[in-house]
Amino acid sequence: VVWLVRDGQNNVDRGWKESNITVQTSGEKYATNLASRTAVGYDALGRLIVVQVDGSIAVGDNKRGMDMKRLADLLIEHGAVNAINLDGGGSSAMAHNGVLINYPSDNQ
């Protein structure tokens, strides 16, 4: 688990230095690639913040999604004081009341 936000500050650079870069989902390339992302955090009042960003496995101009620094900034914009990365890539999905509400790129 990598801390995206610590004490209201973007922690991506420090978090990735602390992570095990031998694991597939760690290291510079994973942090800087545009991709689907899922993260969770909480605000100063203890309220849960869940963020899911659609992305794709496309390359070049067709690539979409967020890198980890932008994801951390988005969480901070929504009030997160602490947040972690959960998942990313084509399987990243979100449902509400049992209904899929995003567009996982693995389905395309």
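Whatever comes next refers back to the structure up there.
Residues numbered from 1 in each chain as written. Predicted model: local features only at pLDDT ≥ 70, side-chain atom pairs only at ≥ 80, totals over all residues. Heavy atoms only, no water.

Caption draft 1: Region of interest: the environment of Pro 104. Within the secondary structure, Pro 104 is located in the segment after strand S7 (99-100). In the structure, Pro 104 is positioned 48 residues away from Ser 56 in sequence and 8.1 Å away in space, judged by C-alpha atoms. (Helix = DSSP H or I, 4+ residues; strand = E, 2+ residues; numbered from the N terminus.)

Caption draft 2: Spatial organisation of the environment of Lys 69. Tracing the backbone shows Lys 69 in helix H3 (residues 68-77). Using a relative accessible area of 40% as the deciding quantity, one classes Lys 69 as partly exposed. Sequence spacing of Lys 69 and Val 5 is 64 residues, and the spatial spacing of their C-alpha atoms is 9.5 Å. (Buried < 20%, exposed > 50% of the residue type's maximum accessible area, 1.4 Å probe, protein only.)

Caption draft 3: Examining H3 more closely. Buried residues of H3: Met 68, Leu 71, Ala 72, Leu 74 and Leu 75, and no others. Buried residues in H3, looked at end-on, bunch into an arc of 160°, giving them a common side. A side-chain oxygen of the first residue of H3 lies 3.3 Å from the backbone nitrogen of Lys 69; this N-cap is Asp 67. In the stretch just after H3, Gly 79 is the one whose phi turns positive, near 95°. (Arc of directions from axis to C-beta. Polar contact = N/O pair within 3.5 Å; in protein donor to acceptor, adjacent residues only side chain to side chain.)

Caption draft 4: Structural view of the pattern of salt bridges. Evaluated as defined, the whole model comprises 3 salt bridges. Among the ionic pairs, Asp 43 bridges to Arg 47, the shortest N-O distance being 2.6 Å. The exposure class of Asp 43 is buried, given its relative accessible area of 9%. Across the pair Glu 77 and Arg 70 runs a salt bridge whose closest N-O atoms are separated by 3.1 Å. (Salt bridge = Lys/Arg side-chain N within 4 Å of Asp/Glu carboxyl O.)

Caption draft 5: Region of the structure containing the packing of aromatic side chains. Enumeration according to the criterion identifies 0 aromatic pairs in this entry. Sitting over the face of the ring of Trp 3, Arg 6 holds its NZ or CZ atom 4.2 Å from the ring centroid. (Phe/Tyr/Trp six-rings, centres within 6.5 Å; stacked < 30°, edge-to-face > 60°. Lys NZ or Arg CZ within 6 Å of the ring centre and 35° of its normal.)

Caption draft 6: View of the pairing of strand S1 (residues 3-6). With 2 bridges joining them, S1 and strand S5 (residues 80-88) adopt antiparallel strand pairing. For Trp 3, the partnering residue across the bridge sits in S5 and is Ile 84. Here 2 bridges tie S1 to strand S2 (residues 9-10), and the two strands are oriented antiparallel to one another. Pairing of Arg 6 across the sheet is with Gln 9, part of S2. The antiparallel pairing of S1 with S2 creates a hairpin that spans 2 residues between the two strands, and Asp 7 there sits at a positive phi of about 50°. (Pairing = 2+ DSSP bridges.)

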